[in-house]
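Results of the structural survey
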Amino acid sequence: MDILEVEKKWQDIWHNNGAFAAEENSDKKKYYVLEMFPYPSGKIHVGHLRNYAIGDVIARYFRSTGHNVMHPMGWDAFGLPAENAAIKNNTHPGDWTYKNIASMKEQLKTVGLSYDWSRELASCSPDYYKHEQKFFIEAFNKGLAYQKESMVNWDPIDNTVLANEQVVDGRGWRSGAVVEKKNLKQWFLRITDYAEELLQDIDTLKGWPENVRSMQKNWIGKSEGARFHFDVPEIQEKIEVYSTRPEVIFGAKFVALAYNHPLLEKMNITPQMQNFIDKCKKNSTTEAALETLGKDCAFTGINAVHPFNKDIKIPVIIANFVLMDYGTGAVYGCPAHDQRDFELTQMKKDLDLQQVVTNEKKDIDLSKEAFVHEESDIMINSDFMDGLTVADARSVVIDKFEELGIGQREVNYRLRDWGVSRQRYWGCPIPVIHCSSCGVLPVPEKDLPVELPKDVDLTKAGNPLDNHPTWKKVPCPSCDQEAERETDTFDTFFESSWYFARFCNNNSEEMVDKQSCDYWMPVDQYIGGVEHAILHLLYARFFTKVMVDLGYITKHREPFKSLLTQGMVVHATYKDTRGDWVYPDDVINKDGKFYHVKTSEEVFKGKIEKMSKSKLNVIDLEKMLGDYGADALRMFALSDSPAEKDLEWSASGLDGCKKFILKLCNSVEKISTLPATNHNNSKLVSLIHLTIKEVGEDILSYRLNKAIARIRELFNSILNEISSENYDSKSISYGIKIALQMLNPFIPHITEELWQKLGNDVPIYKSDWPKYDNKKLESDSYMMAVQVNGKLRATQQFSVTDSNDVIKEVVKSIPSVEKHIEGGQVKKIIIVPKKIVNIVVVK
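All values reported here derive from a predicted model rather than from experimental measurement.

1. Re the environment of Glu602
- Residue position: Glu602 is located in strand 30 (residues 602-610).
- Under the relative-accessibility criterion, Glu602 is labelled partly exposed at 28%.
- A sequence separation of 26 residues divides Glu602 from Asp576, and the C-alpha atoms of the two residues are 6.7 Å apart.
- Residues within four places of Glu602 in sequence aside, it is in contact with Asp576, Thr577, Lys593, Phe594 and Tyr595.

2. Quick look at the sheet that holds strand 24 (residues 525-527)
- The parallel open sheet is built from four strands, whose spatial order is 2-1-24-25. One side of each edge strand has no neighbouring strand; the edge strands of this open sheet are strand 2 (68-70) and strand 25 (563-564).
- Bridge count between strand 24 and strand 25: two bridges; the pairing is parallel. When the bridges of strand 25 are listed, Ile527 appears paired with Leu564.
- Contacts between helix 2 (residues 46-64) and the sheet are confined to strand 1 (30-35), strand 2, strand 24 and strand 25, with strand 1 contributing the most and set at about 170° to the helix.

3. Some thoughts on the environment of Ser799
- Within the secondary structure, Ser799 sits in strand 33 (residues 791-799).
- Sequence spacing of Ser799 and Ser781 is 18 residues, and the spatial spacing of their C-alpha atoms is 4.2 Å.

4. Let's talk about the packing of helix 17 (residues 630-639) against helix 18 (residues 651-672)
- Close contact between helix 17 and helix 18 brings their axes to 8 Å; oriented N to C, the two are set at 125°. By the criterion of interaxial angle, the relationship of helix 17 to helix 18 is oblique. For the crossing formed where helix 17 meets helix 18, the hand is right-handed. Where helix 17 approaches helix 18, its residues Asp631, Ala632, Leu633, Met635, Phe636 and Ser639 are matched on the opposing element by Gly653, Leu654, Cys657, Lys658, Phe660 and Ile661.
- The class makeup of the residues in the contact of helix 17 with helix 18 is eight nonpolar, two polar and two charged.

5. Focus: the pairing of strand 3 (residues 145-155)
- Relative to strand 7 (residues 180-189), strand 3 is paired through 10 bridges, and the arrangement is antiparallel. Along strand 7, the bridge assignment pairs Gln147 with Trp187.
- Inspection of the sheet shows strand 3 paired to strand 4 (residues 160-162) by three bridges, in the antiparallel sense. Directly across from Asp155, in strand 4, lies its bridge partner Thr160.
- Between strand 3 and the antiparallel strand that follows it, strand 4, lie four residues; Asn159 among them carries a positive phi value of about 50°.

6. With respect to empty space enclosed by the protein
- Counted under the stated rule, the structure contains five cavities of 30 Å³ or more.
- Its boundaries defined by the atoms lining it, the largest cavity holds a volume of some 230 Å³.
- Together, 16 residues line the largest cavity, and Ser639, Asp640, Arg712, Arg793 and Ser816 are the ones closest to its centre.
- Only helix 17, helix 18, helix 20 (704-723), strand 33 and helix 24 (815-821) provide two or more residues apiece to the lining of the largest cavity.
- Top element by residues in the lining of the largest cavity is helix 20. It accounts for five residues.
- Across the lining of the largest cavity, the residue classes break down as six nonpolar, five polar and five charged.
- There is about 120 Å³ of room inside the second largest cavity.
- Lining the second largest cavity are 14 residues, and of these Arg60, Ser64, Asn744, Ile764 and Tyr765 sit closest to its centre.
- In terms of residue count, helix 2 provides more of the lining of the second largest cavity than any other element does, four residues in total.

7. Description of the state of the cysteines
- Per the counting criterion, the structure on display carries zero disulfides.
- Considering cysteine sulfurs only, Cys657 is the nearest to Cys665, which forms no disulfide, with 14 Å between them.
- Residue classification places Cys665 among the buried residues on the basis of a relative accessible area of 6%.

8. Some details on the packing of helix 18 against helix 22 (residues 748-757)
- Between helix 18 and helix 22, the least distance of the axes is 10 Å, while the angle of their chain directions is 5°. In terms of orientation, helix 18 and helix 22 fall into the roughly parallel class. Between helix 18 and helix 22, the contacting residues are Ile661, Leu664, Cys665, Val668 and Glu669 on the first element and Ile750, Leu754 and Lys757 on the second.
- A class-by-class count of the residues in the contact of helix 18 with helix 22 yields six nonpolar, no polar and two charged.

9. Re the pairing of strand 8 (residues 222-232)
- Extensive coverage of strand 8 is indicated by the burial of eight of its 11 residues.
- As paired elements, strand 8 and strand 16 (residues 407-413) share seven bridges and run antiparallel to each other. Across the sheet, the residue bridging to Arg227 is Gln408, located in strand 16.
- Where strand 8 meets strand 9 (residues 237-243), seven bridges bridge the pair, whose relative direction is antiparallel. Bridge pairing links Arg227 to Tyr242 in strand 9.
- Hairpin connection of strand 8 to strand 9: four residues between the antiparallel strands, including Gln236 at a positive phi of 55°.

10. Observations regarding the packing of aromatic side chains
- Taken as a whole, this structure holds 44 aromatic pairs when the rule is applied.
- A centroid spacing of 3.6 Å and a plane angle of 5° characterise the contact between Tyr31 and Phe62, whose relative ring orientation is stacked. With Tyr31 in strand 1 and Phe62 in helix 2, this residue pair connects regions lying 31 residues apart in the sequence.
- In this structure Tyr31 comes out as buried when scored by relative accessible area, which is 10%.

11. Structural notes on the nonpolar core
- Ranked by size, the top nonpolar core spans 183 residues in total, and within it Tyr32, Trp418, Phe500, Phe543, Met547 and Trp649 carry the most contacts.
- Among all residues touching Met547, those that are not within four sequence positions of it are Phe135, Trp498, Ala501, Met511, Val512, Tyr552 and Ile553.
- Judged by nonpolar contacts, the second largest core, of 43 residues, contains Ile249, Met273, Ile277 and Ala298.

12. Describing the sheet that holds strand 35 (residues 836-842)
- Spatial ordering of the open sheet is given by 33-32-35-34, a layout of four strands whose pairing is mixed. Where the open sheet ends on each side, the last strands, each with one partner, are strand 33 and strand 34 (825-832). Between one strand axis and the next, the sheet turns by 20° as a mean value, whatever way the strands run.
- For strand 32 (residues 781-788) and strand 33, the ladder comprises eight bridges, and the chain directions are antiparallel. Bridge pairing in strand 33 links Val786 to Ala794.

13. Some details on unusual backbone geometry
- Note the cis peptide between Leu448 and Pro449, where omega equals 0°.
- Going from Met521 to Pro522, the amide bond is cis rather than trans, its omega being -5°.
- Phi at Asp383 takes a positive value of approximately 55°, unusual for a residue other than glycine.
- Counting through the fold element by element, Asp383 comes out in the loop between strand 15 (378-379) and helix 11 (390-404).
- The phi torsion at Leu616 lies on the positive side, around 65°, for a residue other than glycine.
- Tracing the backbone through its elements, the reader meets Leu616 in the loop between strand 30 and helix 16 (621-628).

Cut-offs used in this document
- Residues numbered from 1 in each chain as written.
- Predicted model: local features only at pLDDT ≥ 70, side-chain atom pairs only at ≥ 80, totals over all residues.
- Heavy atoms only, no water.
- Helix = DSSP H or I, 4+ residues; strand = E, 2+ residues; numbered from the N terminus.
- Buried < 20%, exposed > 50% of the residue type's maximum accessible area, 1.4 Å probe, protein only.
- Contact = heavy atoms within 4.5 Å.
- Pairing = 2+ DSSP bridges.
- Axes fitted to C-alpha atoms, helices over the stretch in contact; angles between N-to-C directions.
- Parallel < 35°, antiparallel > 145°, perpendicular 65-115°, else oblique.
- Left-handed = near helix turned anticlockwise from the far one by under 90°.
- Nonpolar A, V, L, I, M, F, W, Y, C, P; charged D, E, K, R; others polar.
- 1 Å grid on protein atoms, 1.4 Å probe; cavity = no way out; pocket = protein on both sides within 12 Å on 5 of 7 lines; lining within 4 Å.
- Points joined across faces, edges and corners; volume = space filled by probe spheres on them.
- Disulfide = S-S within 2.5 Å.
- Phe/Tyr/Trp six-rings, centres within 6.5 Å; stacked < 30°, edge-to-face > 60°.
- Core = buried A, V, L, I, M, F, W, Y, C linked by side-chain atoms within 4.5 Å.

Printed below as a string of structure tokens:
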């Protein structure tokens, strides 16, 4: 059987029959499964393969259980890479993008994914982005969109603003250029208006991983404390701070300003201060970078006075860990009770500390680290708060601030408004006109979409739209005098924040179809990388809430009911004697040493890391598809690790999947000609029904590797039955059909072909998921997970009468376990009764 011919045959059948088109106006219960749509780089890679195969299993399973499934695909098609590629290849970003879309679409089809291609969309199409332009105008009219001058991360090579997360070690994530700080007028969306709702609704997202929910909570960062000020008599000003721990005010030893705080303009900037400010401008402002940044400061020579004791002078400093964009751009430091502040005192010996909280049961040594206090600890050296608990003192001191008129209680959020401006060409134009007489005006709805000009020079430095000789010149919609278009384009997160709603009816004349969204939303299963846990997922949640408030959607304020963050695909890295990276395909293993297949030079194995073009630890997916076929690749991508864990790419694992498929083909051929018998094997019947039950449970719990292992064990039991003298032909025939149905979501092409060979007229994709009979689940047997060095390799059924010795012998003979024991020494076998067998192997 020619596997590639079979795959092409069934792909054509599915396409010609519209096999996976979602029904409209269906009485069936809906199920919406969606993987995060890809950037059209031109080639799918194994990360795509695994992500989309996971989604495909879920879509096919729910379709077979009687649901009306929508499983769409589209393209996140705007962004800087297209501009860079256009410059490199002397082409237009649009031409490059659409060519890549066509190429990747064909590649995805060869994987056999059950997409409803009639819903396909591309975010760079004016038919798509005209709707978000109208949405932005409505948000602007409601006060949810605004423009202000802001300090930004500026990439001097890509000539665009970068989000904090796009600054890596002080350099642009794509260009590698040293990022500069720059004041620019930027457009913002008031996501902070929704901070409390975004925070509260996280608790309703029961189908999300706990780590993602925690990351969003931390990013929103709600805190309750006090906003108050310090007087600075020397410049006749006040420094306003916000603190979640105002109770330790008598331990204050400095007031720290951000390097760009407005009060610095009223001070005499010394050369030392200026050098420090220049250094701060180059620092990354990401949370991770600030955590690892060595704490440092510069003294201004000016003092603030203590709010409750004017005789206490507190030095004003500039600190590298204070940001103007967070809080008030100033903090007060209490080194005795804050580790960050403590670390600064170790760097700057001119700063001392004062203990103001104690706990007699704890050993407090302020020479080594700060004493980070708890609510029940007791205040000391704090005047009117002495003897109070920390919790009580906090309330008392805020009352005192309010009584004296120097502060008040306040709830604060770490979340900042979303800056959506980008200074690039290949993005959605922001639909705004600037008139010297009338000010900032939205583009009239009749003039939407504002399309990008085709004739653009991308080689000139600066914003291509700003440099265009005519595009930005338009008449003012109010006074008709000459005005200018906004030349910034939207952050590409804008497009990905609502595409899931557009999929519900991608032909709607409006941004979204309310009726379709009422039926399809929310997405029942969303799948994508954990790297999108904060920005994309938070922005999509925000967008959905605004869409409801603006009347685009009538309900469903949360877009994604359940979220799966799949693991990465990783591969060993190799270097030659010169330290240059080597492709794994060019490496051969001889007696434990590695050599280059072409030069025979010795190469050296490095870390197992995420597949990366820069480290060459990638595989040619198209070649793999040609050598192994889509089903083998899908099976390996799904069977070797749990969906949420990393997958290590392995040629031997892939070979094993290909051999299994060939074995499956040969066995079906044999079974189809097997003479009928009247024997009955109740144990095999029981195993069939137990496998149906557990595989369904595994798929619903994302345990796709376990599901495959269970089906393979059923298949092995069927083969054992065939080879027995008194075989049960009826159970064999029934069992192999059930196995094909359960394997179909994982390896859809070959199972359809074999299903047909067994005489079934209705294809599997139109058949129902098999049902199990509780009465046939054998109570005197159980399934155990079989691990090798802690990694699941099989599941096996045992009888309650089987001894540990029997269990040990059985697990060592399982084919999928044997290959992982081969070449090693079994040191011990650990049995957790009726649950797990773990074989410890040393190689």
